[in-house]
Structures are given as C-alpha cells and as structure tokens.
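One letter stands for each residue in the lines below.
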Amino acid sequence: MACTGIEYCKLAFVDTKDTAAAVIGELERRLSDVSLDRPISLHINGCPNSCARIQTADIGLKGQLQKNPDGTEEFAFQVHLGGGLASVHREDAGLGRTVRGLKVTSVDMPEYVERVTRSYLAGREGDETFAAWAHRADEEALR
C-alpha cells in the first residue's frame, strides 16, 4: 500500500507510488526462491500524516528528509516493523516498532526489505507471524 505521494499531495516528501511499484517488482525477483506461508504487508507513506497507515503494517516506511554527512539532504524512509490490525492473529494487533536511527533510501529499500524478510524466515519460531517476530527480535536482526 502506498499513499498518493509527492505526485498528488502537497505534504509528501517522496514519490511513493513509483517507489512501491519498483520495490515490489524487485522483491518478486529477489525473493523468488522464498515461499511465504502468509503475506507480509509493506506500506509506504510520503510524509508523517500516515495516510498509508505505516504503523499497522508488517513493514511500514515513512518518507522524510535525511541529512547526509556532507550536510546535503536526501529523501529517505523511517522504518516501522510489526504493526497489525485485529484479525485472526489478535496478538498482532498494535502499532509497529520503530527501528531507531534507521532510515532507508528508495535505492536501498529492496535490499533492506529482502534482508529483513530473510531474517524473519530464519529467526521465526514455528508459525510465528512477522509482527510477533518483529516485536521479539533483537534490534540487529531488524537492521
């Protein structure tokens, strides 16, 4: 899911629709060897208003500006992991965990989502959901 982004919203910092489409295409290629027994939701938001409801996604990405070491700014995404709505897995209902200090650029997003998905598959216990794993996992597994 992606909000309308910079193309249609004056509040957005980033292009969400094109970014989401490109990331999904790349992830389908990168994760073609993986069989997920349940989907992992990815929500991309262009600003802090959260029209794409990043806090309730398995992987939520909030667009913002990031200051580089040389003082220039670039668009990046703050990472939230493990959100969920009340459903079959009621224990997963709640807001996602913010990965403190982690920001991912559009270019690095496919690599990051692939890495965290593979960490989940390697580290989950039994049929544990992504949300349950994300709240239990060590901070390094989420980076």
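Residues numbered from 1 in each chain as written. Predicted model: local features only at pLDDT ≥ 70, side-chain atom pairs only at ≥ 80, totals over all residues. Heavy atoms only, no water.

Student: Where do I start with unusual backbone geometry in this structure?
Tutor: Where the residue is not glycine, phi is negative for most of them; where a peptide bond is considered, it is trans in most cases. For Ser50, which is not glycine, the phi torsion reads 60° and is therefore positive. Along the chain, Ser50 falls in the loop between β1 (42-45) and β2 (59-67). Even without being glycine, Arg53 reaches a positive phi, approximately 55°. Inspection of the secondary structure assignment puts Arg53 in the loop between β1 and β2. (Helix = DSSP H or I, 4+ residues; strand = E, 2+ residues; numbered from the N terminus.)

Student: Whenever I open this one, the packing of aromatic side chains confuses me. Can you help?
Tutor: What characterises a pair of aromatic rings is the spacing of the ring centres plus the angle enclosed by the ring planes. Overall, the coordinates contain three aromatic pairs when judged by the stated rule. Site record: aromatic cluster; members linked through ring pairs are Tyr120, Phe130 and Trp133. (Phe/Tyr/Trp six-rings, centres within 6.5 Å; stacked < 30°, edge-to-face > 60°.)

Student: What is the right way to read the confidence of the model for the chain from this model?
Tutor: Do not read the fine detail of predicted coordinates wherever pLDDT is low. Residue-level pLDDT values for the chain average 91, and 94% of them are 70 or greater. Per-element averaging of pLDDT across the chain places strand β4 (residues 97-104) at the bottom with 91 and helix α2 (residues 109-123) at the top with 97. (pLDDT = per-residue confidence, 0-100.)

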